[in-house]
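Remarks on the overall topology
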Amino acid sequence: MNGNAPIKVLLVDDQPLLRMGFRLILEGEDDLRIVGEASDGAEAIRQVREMNPDVVLMDVRMPVLDGIEATRAVTSSGSAAKVIILTTFDLDEYAFAGLQAGASAFLLKDVAPADLVNAVRVVASGDAVVAPRVTRRLLEAYVRGDHPSAVPGQRLGASAPAAGRGRHANGDEQHRDPLLEALTPRETEMLEAMAEGLSNAEIAQRFFLSEATVKTHVRRILAKLHLRDRVQAVVYAYETGLVVPSNPDY
């Protein structure tokens, strides 16, 4: 994405009023541009091909083709578009499925306007902060296996199969993923910081580095672990035991 060009956004929801509301919020920003709307997943896939959006706001419950299958199709197609799943409940099974399908983030439909705008910007930049309370609840519940849609042994949205895990929250020792051995000690520290939800700027401050250096480390981490984006890196850190779910009693 050109740093000087507006961020292109595709709105996908079967409720016209909701699309209109999101359009009004996002079009009020000079750096955001709505390039299309779709009312079902099949139409969303077509518009991604035609409009080449940077970010897709994707509802999950839609006719013809639901948002989960549409997200899977978009993320596996080679498109650079990042998908943000829209859901009604913070621990909705569809939010789990959305991450499994390769979504970069998820938002509640009653998100505050400022948070919606910020989410689109940070996901488009690749510097998404994945520490908001509801996202951490989702990831931690998934890794603990608290949710019936959790699939044991399946990594969320990663492009390579997991060869192992770390220590799960229940104390069971698993084989360490060999991919972790490819990381340098500093890269491992960076991955742990990403899993805490720190932004590049915050990581730079913690380790006394420039943001440019942090971005380079993040790119290398994603490449070495065969991960699509920052959200998948955070999921990976949880699943391999680098980060342990903090509180099972949400």
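We now turn to the structure provided with this report. (Residues numbered from 1 in each chain as written. Predicted model: local features only at pLDDT ≥ 70, side-chain atom pairs only at ≥ 80, totals over all residues. Heavy atoms only, no water.)

Another aspect to go through is the overall build of the protein chain. For the protein chain, the count of helices and strands is ten helices and five strands. The buried share among the 250 residues of the protein chain stands at 52%. Taking as baseline every contact in the protein chain between residues at least 6 positions apart, the subset at least 24 positions apart corresponds to 67%. (Helix = DSSP H or I, 4+ residues; strand = E, 2+ residues; numbered from the N terminus. Buried < 20%, exposed > 50% of the residue type's maximum accessible area, 1.4 Å probe, protein only. Contact = heavy atoms within 4.5 Å.)

Considering the arrangement of structural elements, one finds His217 in helix α9 (residues 211–225). Excluding residues within four positions of it along the chain, His217 makes contact with Arg186, Glu187, Met190 and Leu209.

On to the pattern of salt bridges. All told, the structure shown has ten salt bridges when counted by the stated rule. With a closest N to O distance of 2.9 Å, Asp31 and Arg121 form a salt bridge. Taken together, the residues Asp31 in the loop between α1 (16–26) and β2 (32–38) and Arg121 in helix α5 (residues 113–125) connect sequence positions 90 residues apart. Each of the salt bridges in this network shares a partner with another, and the network as a whole consists of Arg19, Arg23, Glu27 and Glu37. (Salt bridge = Lys/Arg side-chain N within 4 Å of Asp/Glu carboxyl O.)

When you line up the elements, Thr240 lands in the segment after α10 (230–239). One polar contact links the side chain of Thr240 to the main-chain carbonyl oxygen of Tyr236, over a distance of 2.8 Å. (Polar contact = N/O pair within 3.5 Å; in protein donor to acceptor, adjacent residues only side chain to side chain.)

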